[in-house]
Amino acid sequence: MGAGRVIRRSRPVSFRQSRASLPATLAPSRVGSMRLSTVILPIHRWAEGQKIWRRAEDLGFHAAYTYDHLSWRSFRDEPWFGAVPTLTAAAAATERIRLGTLVTSPNFRHPVTLAKELVSVDDVSGGRLTVGIGAGGTGFDATAMGQEAWSPRERADRFGEFLPLLDKLLRQDATTETGTYYSAVEARNIPGCVQTPRVPFYVAATGPRGLKLAAEYGQGWVTYGDPRGPADVPVAQAPSVIKSQIEKLTVACEATGRDVATLEKVLLQGSTAEKPLQSVDAFVDWAGAYRELGVTELVIHWPVPDSIFANDLAVFERIATEGLAQLG
């Protein structure tokens with residue numbers, strides 16, 4: 001590096017402090033008041049896809065996320081584009097809406113290359129990127145690169161290395177770290193994130209190790225319901241699952257000396273038997289129930305015809321513009 005170049009030194013993102021003392025770009029805004037966001041699947045050629053991302057901004061969504069998979073469920077043999085290029089294009093096509101992954105994982109990612117891509121998207125977007133991140137699963141991504149699917153324990157072990165290393169890479173100009181699964185050798189990340197000290201992490205987790213990571217590194221926490229079989233949970237019991245998870249998150253935060261109120265609590269809709277997008281009234285009832293539990297951000301899927309997300313677009317747009325206002 002050239003003479004006089006100052007290296008940003010490693011500095012833990014400490015949450016043993018009040019919300020007011022957190023860096024502004026990492027302190028959750030309007031914690032306690034619910035926000036509404038959407039997931040736009042990366043299934044559209046950009047000539048059409050860009051219209052959807054712009055429409056999401058026009059409708060006033062807080063954020064538009066996309067899934068970071070190589071392929072996904074019933075869309076496996078259908079068009080499916082890369083998350084990072086899609087977010088980069090969306091950043092250039094929009095001005096205000098936040099953008100992000102929901103979620104990316106170690107299944108086919110490495111912290112060194114992912115950090116470089118995230119810094120780039122954060123720059124193109126002018127600091128509008130949020131990184132949803134989790135431990136990965138057993139879907140198509142788990143074996144697409146020729147590896148055996150990892151056990152739950154190995155996924156947790158890998159995530160326990162992946163997330164701290166990604167945190168360092170995004171806060172430092174140069175990083176060297178040797179781990180069991182992930183290492184970095186003089187990995188450069190200049191000029192770093194627009195947001196300081198790095199882009200926000202929304203950590204998807206339900207188990208004790210993942211919740212601990214959320215408490216230590218997250219600016220938000222993500223859940224979609226019961227990970228053991230969300231579609232089989234009766235509608236009446238679905239809120240109790242989230243209530244229990246938030247209670248466990250609270251315990252994890254207390255163990256690290258953190259106030260759980262400093263974390264956004266994000267619920268991704270679509271994996272339970274609940275049908276909140278059938279009407280505005282259904283959405284209001286659903287949103288109100290989760291607001292009472294402490295959820296601060298709801299994420300609903302942009303309608304996709306002839307799929308599990310085949311909701312009425314007109315109703316969806318009414319929900320986007322009217323739904324939260326009716327909560328009072």
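For the structure, see preceding data.
Just so it is clear, the structure is predicted and the values come from calculations on it, not from any experiment.

1. Focus on the overall build of the protein chain
A tally of helices and strands in the protein chain yields 8 helices and 10 strands. With 328 residues in all, the protein chain has 52% of them scored as buried. Excluding contacts between residues fewer than 6 apart, the proportion of contacts in the protein chain whose partners are at least 24 apart in sequence is 74%. When the accessible surface of the protein chain is totalled, it reaches about 14700 Å², and 52% of it is carbon and sulfur.

2. A word on the nonpolar core
As a rule of thumb, soluble globular proteins bury nonpolar side chains together. In this structure, F61, L166, L170, F201, F283, L298 and I300 are the most contacted members of the largest nonpolar core, which totals 69 residues. With 7 residues, the single largest contributor to this core is helix α4 (residues 152–171). If we skip the residues at most four places from it in the chain, F283 touches L36, P276, L298, I300, I319, G323 and L324. Counting 17 residues, the second largest nonpolar core, distinct from the first, contains I43, Y67, L102 and V222.

3. Concerning the sheet that holds strand β3 (residues 98–104)
In space, the 8 strands of this closed barrel follow the order β1-β2-β3-β4-β7-β8-β9-β10, with parallel pairing throughout. Strand-to-strand twist across the sheet, computed as the mean angle between neighbouring axes with direction ignored, equals 25°. Relative to strand β4 (residues 129–133), β3 runs parallel, the two sharing 4 bridges. Across the sheet, residue T104 finds its bridge partner in β4, namely I133.

4. What to know about the packing of aromatic side chains
A complete count under the given rule lists 12 aromatic pairs for this structure. Consider the rings of Y67 and W72, whose centres lie 5.0 Å apart with planes at 65°: the pair is edge-to-face. For W72, a relative accessible area of 10% puts it in the buried group. These aromatic residues form a ring-pair network of at least three members: Y67, W72, F75, W80 and F309. The side chain of R158 reaches across the aromatic face of W150, ending 3.9 Å from its centre.

5. Some points on the side chain of E317
Relative to the assigned elements, E317 resides in helix α8 (residues 313–323). You can call E317 buried: its relative accessible area is 19%. In this view, E317 contacts R55 and L59; residues no more than four positions away in its chain are not counted.

6. What about helix α2 (residues 83–93)?
Of all the positions in α2, only A83, V84, T86, L87, A90, A91 and A93 are classed as buried. Buried residues along α2 sit against α1 (46–58), β2 (63–66), β3, α3 (111–124) and β4.

7. Brief notes about the pairing of strand β7 (residues 201–204)
With 3 bridges connecting them, β4 and β7 associate as parallel partners. Each residue of the ladder has a partner; that of I133, found in β7, is V203. Where β7 lies against strand β8 (residues 220–223), 3 bridges are found, and the strand directions are parallel. When the bridges of β8 are listed, Y202 appears paired with G220. You can see the chain leave β7, run along helix α5 (residues 208–217) and come back into β8, and the turn it takes is right-handed.

8. Overview of the pattern of salt bridges
As enumerated under the stated definition, the model contains 15 salt bridges in all. Where E117 meets R109, a salt bridge forms, and the shortest distance between an N and an O atom there is 3.1 Å. The exposure class assigned to E117 is partly exposed, which follows from its relative accessible area of 29%. R109 gets classed as buried once you look at its relative accessible area, which sits at 15%. Each of the salt bridges in this network shares a partner with another, and the network as a whole consists of D68, R109 and E117.

9. So, the packing of α5 against helix α6 (residues 238–255)
Closest axis-to-axis distance for the α5/α6 pair is 8 Å, and the angle between their directions is 55°. Judged on the interaxial angle alone, α6 and α5 are oblique. In this structure, α5 meets α6 at a crossing whose hand is right-handed. Note on element contacts: α6 touches α5 through K248, L249, A252 and C253, opposite L211, K212, A214 and A215. Counted by class, the contact of α5 with α6 contains 6 nonpolar, no polar and 2 charged residues.

10. Quick notes on the environment of E78
Mapped onto the elements of the fold, E78 is located in the loop between β2 and α2. Sequence-wise, E78 and I43 are 35 residues apart; in three dimensions their C-alpha atoms are separated by 7.7 Å.

11. Comments concerning unusual backbone geometry
Put simply, I190 and P191 share a cis peptide bond, and its omega is 20°. Going from T196 to P197, the amide bond is cis rather than trans, its omega being 0°. Following the sequence through the fold, P197 ends up in the loop between β6 (184–188) and β7. A positive phi angle, near 55°, is found at D306, a position not held by glycine. Relative to the helices and strands, D306 is located in the loop between β10 (297–301) and α8. What makes D306 exposed here is its relative accessible area of 81%.

Rules behind the numbers
- Residues numbered from 1 in each chain as written.
- Predicted model: local features only at pLDDT ≥ 70, side-chain atom pairs only at ≥ 80, totals over all residues.
- Heavy atoms only, no water.
- Helix = DSSP H or I, 4+ residues; strand = E, 2+ residues; numbered from the N terminus.
- Buried < 20%, exposed > 50% of the residue type's maximum accessible area, 1.4 Å probe, protein only.
- Contact = heavy atoms within 4.5 Å.
- Areas by Shrake-Rupley, 256 points an atom, 1.4 Å probe, with all protein chains shown as cover.
- Core = buried A, V, L, I, M, F, W, Y, C linked by side-chain atoms within 4.5 Å.
- Pairing = 2+ DSSP bridges.
- Axes fitted to C-alpha atoms, helices over the stretch in contact; angles between N-to-C directions.
- Phe/Tyr/Trp six-rings, centres within 6.5 Å; stacked < 30°, edge-to-face > 60°.
- Lys NZ or Arg CZ within 6 Å of the ring centre and 35° of its normal.
- Right-handed = clockwise from strand over helix to strand, strands pointing away.
- Salt bridge = Lys/Arg side-chain N within 4 Å of Asp/Glu carboxyl O.
- Parallel < 35°, antiparallel > 145°, perpendicular 65-115°, else oblique.
- Left-handed = near helix turned anticlockwise from the far one by under 90°.
- Nonpolar A, V, L, I, M, F, W, Y, C, P; charged D, E, K, R; others polar.

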